[in-house]
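What follows is the residue order along each chain.
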Number of protein chains: 2
Amino acid sequence: MPTAGLVIIGNEILTGKFPDENGPWLIRRLRTLGCDLLRISIIPDALDEIAEEVVLQSARFDWVFTTGGVGPTHDDITFAGVAQAFGLGLEHHPELVAVLRAKLGDRCNTAALKMAEVPVGSELWWDGGVIYPLTVVKNVCVFPGVPSLLQLKFEKVAHRFVGVPLLTRRRTTTATEPEIADTLTEAARRWPEVAIGSYPRLDETPIVVIVTLESRDEAALIACDRFLRAAGHGLE
Amino acid sequence: MPTAGLVIIGNEILTGKFPDENGPWLIRRLRTLGCDLLRISIIPDALDEIAEEVVLQSARFDWVFTTGGVGPTHDDITFAGVAQAFGLGLEHHPELVAVLRAKLGDRCNTAALKMAEVPVGSELWWDGGVIYPLTVVKNVCVFPGVPSLLQLKFEKVAHRFVGVPLLTRRRTTTATEPEIADTLTEAARRWPEVAIGSYPRLDETPIVVIVTLESRDEAALIACDRFLRAAGHGLE
């Protein structure tokens with residue numbers, strides 16, 4: 001199954017100037033696609049930190065998605081960070097330069113052309129006949145930070161990240177977590193292919209615990225679910 | 001100024017079963033306190049990944065806040081992860097055991113007592129006369145994942161993380177980013193103590209760029225702001 005990590009680049013998120021909308025959106029979208037998202041890091045616009053996180057995630061996951069830091073201003077340094085991660089230089093990509101010139105005309109100044117300055121050897125993905133392609137460096141897909149743009153660009157390339165979506169069961173009980181803990185531990189031992197989560201909802205009346213089961217193995221999921229319901233904690 | 005990192009532990013966030021409410025809440029709260037949040041990582045309930053991220057953040061920031069994974073079930077392994085980060089063992093803390101026994105009575109079984117099994121040498125913070133203290137391992141504060149509980153517990157200890165809040169100015173222009181880029185670069189060079197951010201709002205009509213200035217140096221902030229307004233990009 002494809003795995004992915006997400007690097008959200010932007011001081012504005014960490015300082016609370018703007019809420020992050022891309023993380024929640026990509027979480028839902030990747031789940032639907034069946035691509036396992038295994039890590040999200042939100043980091044500042046800082047060269048060394050971008051490079052460090054890209055190195056870590058690129059080695060560990062099939063795909064890395066970065067968001068933010070690809071505009072023409074001084075705080076847009078994502079391409080430089082990704083280049084540093086892989087020990088690559090930066091160069092103006094002729095195809096990106098051509099698109100920017102066609103789009104911006106007279107307004108295509110040096111600052112605008114910074115958007116075309118990408119790591120040497122970057123691939124451009126033109127999927128879906130887009131006007132402006134996605135820049136991909138090895139397994140790192142560099143997305144813009146503006147949510148509507150990110151979503152548009154992601155949908156064009158989403159077909160590349162398709163896996164098998166997880167199957168889920170959700171049960172609720174008014175028993176407490178200490179009361180059901182041994183049963184869950186035994187279920188987790190018997191069905192290692194099923195991820196079992198236990199989430200107390202203390203703000204609800206009555207207080208309930210939501211138990212979730214997730215797996216790509218339907219038979220194991222059904223057997224595990226049956227075991228939990230038979231254990232007598234009112235897991236319905 | 002105090003610095004902080006945040007480690008959000010939970011498969012349920014990454015798989016989209018529950019949205020993360022703690023990150024956005026802590027971002028706003030730390031900003032108000034004047035504590036600089038410099039990194040957020042959202043990671044699975046996995047021992048090695050918890051330990052790895054705690055090692056990284058603990059060395060780099062004054063404070064690390066973890067959320068989630070402190071209940072009595074098999075998927076609650078935050079204390080074990082933090083212990084591994086520092087090469088510590090786990091032990092039942094007598095004061096935590098006493099609180100749990102007093103609170104749960106007959107229902108205080110082996111699973112419940114797992115909540116009292118913390119890294120050797122953990123400190124307990126009883127600030128504000130709470131019934132159940134916060135467990136702190138070196139500079140790592142271990143918070144629960146349930147948002148209402150986290151908020152209650154955080155408010156009791158918030159006084160420990162107080163710094164000087166950032167001063168902010170925000171300007172809006174209908175000029176494009178390429179048009180204002182050189183001016184921003186020059187301002188960033190002249191006033192390195194001012195963090196300048198540029199955020200295009202492509203979903204608004206007309207399209208605007210929001211430019212934010214942040215600093216703890218009021219004179220620099222005012223001078224930088226004046227420079228930008230004088231530069232003639234309609235930054236109002």
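## Looking at the overall build of chain A
Stage number 1. A tally of helices and strands in chain A yields nine helices and eleven strands.
Stage number 2. Here the C-alpha atoms of chain A give a radius of gyration of 22 Å, more than 25% beyond the 18 Å that 2.2 N^0.38 yields for 236 residues.
Stage number 3. Principal-axis analysis of the C-alpha atoms gives chain A an extent of 70 × 35 × 30 Å.
Stage number 4. Here chain A, with 236 residues, has 44% of them falling under the buried criterion.
Stage number 5. Put simply, of all contacts in chain A between residues at least 6 apart along the chain, 69% involve residues at least 24 apart.

## What to know about the interface of chain A and chain B
Stage number 1. Taken together, the contact between chain A and chain B spans 51 residues of the former and 52 residues of the latter.
Stage number 2. Counting residues per element, the ones that place at least two in the side of chain A that touches chain B are α1 (11–14), α2 (22–33), β2 (36–43), α6 (110–113), α7 (147–157), α8 (177–190), β10 (195–201) and β11 (208–215) of chain A.
Stage number 3. Looking at chain direction, β2(A) and strand β2 (residues 36–43) of chain B are connected through three bridges and run antiparallel. Paired with S41(A) across the two strands is S41(B), which belongs to β2(B).

## Examining the environment of G197(A)
Stage number 1. Position of G197(A) among the secondary structure elements: in strand β10.
Stage number 2. Considering only alpha carbons, one finds G197(A) and I210(A), 13 residues apart in sequence, at a separation of 8.0 Å.
Stage number 3. Discounting residues that sit within four places of it in the chain, G197(A) has contacts with T212(A), N11(B), E12(B), K17(B) and D75(B).

## Digging into helix α3 (residues 47–60) of chain B
Residues and elements named next belong to chain B.
Stage number 1. In a regular helix each residue adds 1.5 Å, so 14 residues correspond to 20 Å; α3 covers 20 Å between its end C-alpha atoms and thus fits that length.
Stage number 2. Buried residues of α3: I50, E53, V54, Q57 and S58, and no others. The buried side chains of α3 occupy one side of the element, clustering within an arc of 125 degrees when seen end-on. Residues of α3 that are exposed and point over 90 degrees away from its buried face: D48 and A59.
Stage number 3. Where α3 is buried, its residues meet β1 (3–9), β2, β3 (63–67), α4 (78–85) and β8 (140–143).

## Looking at the nonpolar core
Stage number 1. Ranked by internal contacts, the top residues of the largest apolar core, which has 114 residues, are A4(A), V82(A), A4(B) and V82(B).
Stage number 2. When residues no more than four places from it in sequence are discounted, the contact partners of A4(A) are L30(A), C35(A), D36(A), L37(A), L38(A), F61(A), D62(A), W63(A), F65(A) and F161(A).

## Some thoughts on the relation of the copies chain A and chain B
Stage number 1. With an RMSD of 0.0 Å, the fit of chain A onto chain B corresponds to turning through 180 degrees and sliding 0.0 Å along the axis. Here the transformation between the copies is reduced to the relation of a two-fold axis. Minimal C-alpha distance to the rotation axis in chain A is attained by S41(A), lying at 2.2 Å.
Stage number 2. Residue by residue, 100% of the interface of chain A is reproduced at the interface of chain B, so both copies engage with the same surface.

## Some remarks on unusual backbone geometry
Stage number 1. Although it is not a glycine, K138(A) adopts a positive phi angle of roughly 50 degrees.
Stage number 2. Examined against the element boundaries, K138(A) turns out to sit in the loop between β7 (134–137) and β8 (140–143).

## A closer look at helix α2 (residues 22–33) of chain B
Stage number 1. In a regular helix each residue adds 1.5 Å, so twelve residues correspond to 16 Å; α2(B) covers 16 Å between its end C-alpha atoms and thus fits that length.
Stage number 2. Every buried residue of α2(B) is listed here: N22(B), G23(B), L26(B), I27(B), L30(B) and L33(B). For α2(B), the arc enclosing every buried residue in end-on projection is 135 degrees, short of the 170-degree limit, so these residues lie on one face.
Stage number 3. Contacts made by the buried residues of α2(B) are with α1 of chain A together with β1, β2, β3 and α7 (147–157) of chain B.
Stage number 4. Note on α2(B): the residue one or two positions beyond its end, G34(B), has a positive phi of about 85 degrees.

## What about the domain arrangement of chain A?
Stage number 1. Once the domains are mapped, chain A shows domain 1 (3–161) and domain 2 (167–230).
Stage number 2. Between the C-alpha centres of domain 1 of chain A and domain 2 of chain A there is a distance of 37 Å.

## A word on the sheet that holds strand β9 (residues 167–173) of chain B
Residue and element names in this part refer to chain B.
Stage number 1. Read from one edge to the other, the open sheet built from three strands follows the order β9-β11-β10, with strand pairing classed as antiparallel. Two strands close off the open sheet at either side, each with one partner strand: β9 and β10 (195–201). On average, each strand axis in the sheet is inclined to that of its neighbour by 20 degrees, with strand direction left out of account.
Stage number 2. As paired strands, β10 and strand β11 (residues 208–215) are joined by seven bridges and run antiparallel to one another. Across the sheet, G197 pairs through a bridge with T212, a residue of β11.
Stage number 3. Relative to β10, helix α8 (residues 177–190) is tilted by about 170 degrees, and along the sheet it contacts β9, β10 and β11.
Stage number 4. Lying on the sheet, helix α9 (residues 218–230) is in contact with β9 and β11; it crosses β11 at an angle near 155 degrees.

## Focus on the confidence of the model for chain A
Stage number 1. Overall, the prediction assigns chain A a mean pLDDT of 96, with 100% of residues at 70 or greater.
Stage number 2. Of the two predicted TM-score estimates for the complex, the pTM is 0.96 and the ipTM is 0.96.

Definitions and limits used
Residues numbered from 1 in each chain as written. Chains lettered and ligands numbered in written order. Predicted model: local features only at pLDDT ≥ 70, side-chain atom pairs only at ≥ 80, totals over all residues. Helix = DSSP H or I, 4+ residues; strand = E, 2+ residues; numbered from the N terminus. Rg over C-alpha atoms; globule rule 2.2 N^0.38 Å. Buried ≥ 20, exposed ≤ 12 C-beta atoms within 10 Å, placed from the backbone. Contact = placed C-beta atoms within 7 Å. Pairing = 2+ DSSP bridges. Expected span 1.5 Å × (residues − 1). Arc of directions from axis to C-beta. Core = buried A, V, L, I, M, F, W, Y, C linked by C-beta atoms within 7 Å. Least-squares fit on C-alpha atoms with pLDDT ≥ 70 in both. Domains from an automatic or database assignment. Axes fitted to C-alpha atoms, helices over the stretch in contact; angles between N-to-C directions. pLDDT = per-residue confidence, 0-100.

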